[in-house]
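Single-letter residue listing:
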Amino acid sequence: MATATYPPPPPYYRLYKDYEQDPTSAPEPPPPIQGTYQLYGATYTTDDVLPSLEDQGVRQLYPKGPNVDFKKELRSLNRELQLHILELADVLIERPSQYARRVEDISLIFKNLHHLLNSLRPHQARATLIHILELQIQRRKQAVEDIKRRREEAQRLLKEALGTLEGQ
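As annotated in an unreviewed UniProt entry, the protein is Mediator of RNA polymerase II transcription subunit 7 from Helianthus annuus. The UniProt entry for the protein carries this comment under Subunit (unreviewed entry): "Component of the Mediator complex."

Structure representation (structure tokens):
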């Protein structure tokens, strides 16, 4: 019985047999998926929207609306988290059987912190992109200046060589 080291290529490679002679002979790629789609039994969407906490069944601890002061709310939630962790430590020492409510409160605070941070991701992405583009512009300007400097140096060397040749 003979076995191959590698399996044969998939049959659709034949669709590209004339690609070398005529690049337009290849089939068009499928259109991008729009809306929702199924993958491994789960439903996904192509819309890149952060679901609200209420959609996830979680109580929101910070004010609703577009004008949320993220810095203030993150600090507030962080202080509240510290307080709840200290209360959990007290409860574990004094009444160990009543820790579940404190853990649920801490979990709620973490979910709110996580959601608040995730809502800052688009701003972070824009700021990162702006920073990368500014660095690229700076590097290109430096490259242009370096080319100009080297060109001037080459012209100076050529003039010196020409003057030396004419002086001989």
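The next thing to look at is the pattern of salt bridges. Scanning the entire structure with this criterion turns up 7 salt bridges. Two residues, Lys-64 and Glu-54, come together in a salt bridge whose shortest N-O distance is 2.9 Å. Residue Lys-64 is located in the loop between strand E2 (42-45) and helix H1 (70-94), and its partner Glu-54 is located in the loop between E2 and H1; the two are separated by 10 residues in the primary sequence. Connected via shared salt-bridge partners are Asp-146, Arg-149 and Arg-150.

What follows concerns the UniProt feature "coiled-coil region" (unreviewed entry) in the protein. Per the UniProt record, the feature "coiled-coil region" (unreviewed entry) sits at residues 130-164. Helix and strand shares over residues 130-164 are 100% and 0% respectively, and the end C-alpha atoms of the span are 51 Å apart.

Okay, the nonpolar core next. A general tendency of soluble globular proteins is for nonpolar side chains to be buried together. Tyr-62, Leu-77, Leu-81, Ile-109, Leu-113 and Leu-116 are the most contacted members of the largest nonpolar core, which totals 13 residues. Mapped by element, the contributors of at least two residues to this core are H1 and helix H2 (99-119). Residue contributions to this core peak at 5 residues, all from H2. Setting aside anything within four residues of it in sequence, one finds Leu-81 in contact with Ile-106, Ile-109, Phe-110 and Leu-113.

Across its 25 residues, H1 extends 36 Å between first and last C-alpha, which sits within 8% of the 36 Å expected from 1.5 Å per residue. Within the span of H1, buried status applies to Glu-73, Leu-74, Leu-77, Leu-81, His-84, Leu-88 and Val-91. The inward-facing, buried residues of H1 contact H2.

Let's shift gears to the side chain of Arg-102. Assignment of secondary structure puts Arg-102 in helix H2. A polar contact is formed between the side chain of Arg-102 and the side chain of Glu-87, at a distance of 3.0 Å. Filtering out sequence-adjacent residues up to four positions away, Arg-102 remains in contact with Glu-87, Leu-88 and Val-91.

Conventions adopted
- Residues numbered from 1 in each chain as written.
- Predicted model: local features only at pLDDT ≥ 70, side-chain atom pairs only at ≥ 80, totals over all residues.
- Heavy atoms only, no water.
- UniProt positions renumbered as here; feature names shortened; annotations may be inferred.
- Salt bridge = Lys/Arg side-chain N within 4 Å of Asp/Glu carboxyl O.
- Helix = DSSP H or I, 4+ residues; strand = E, 2+ residues; numbered from the N terminus.
- Core = buried A, V, L, I, M, F, W, Y, C linked by side-chain atoms within 4.5 Å.
- Buried < 20%, exposed > 50% of the residue type's maximum accessible area, 1.4 Å probe, protein only.
- Contact = heavy atoms within 4.5 Å.
- Expected span 1.5 Å × (residues − 1).
- Polar contact = N/O pair within 3.5 Å; in protein donor to acceptor, adjacent residues only side chain to side chain.

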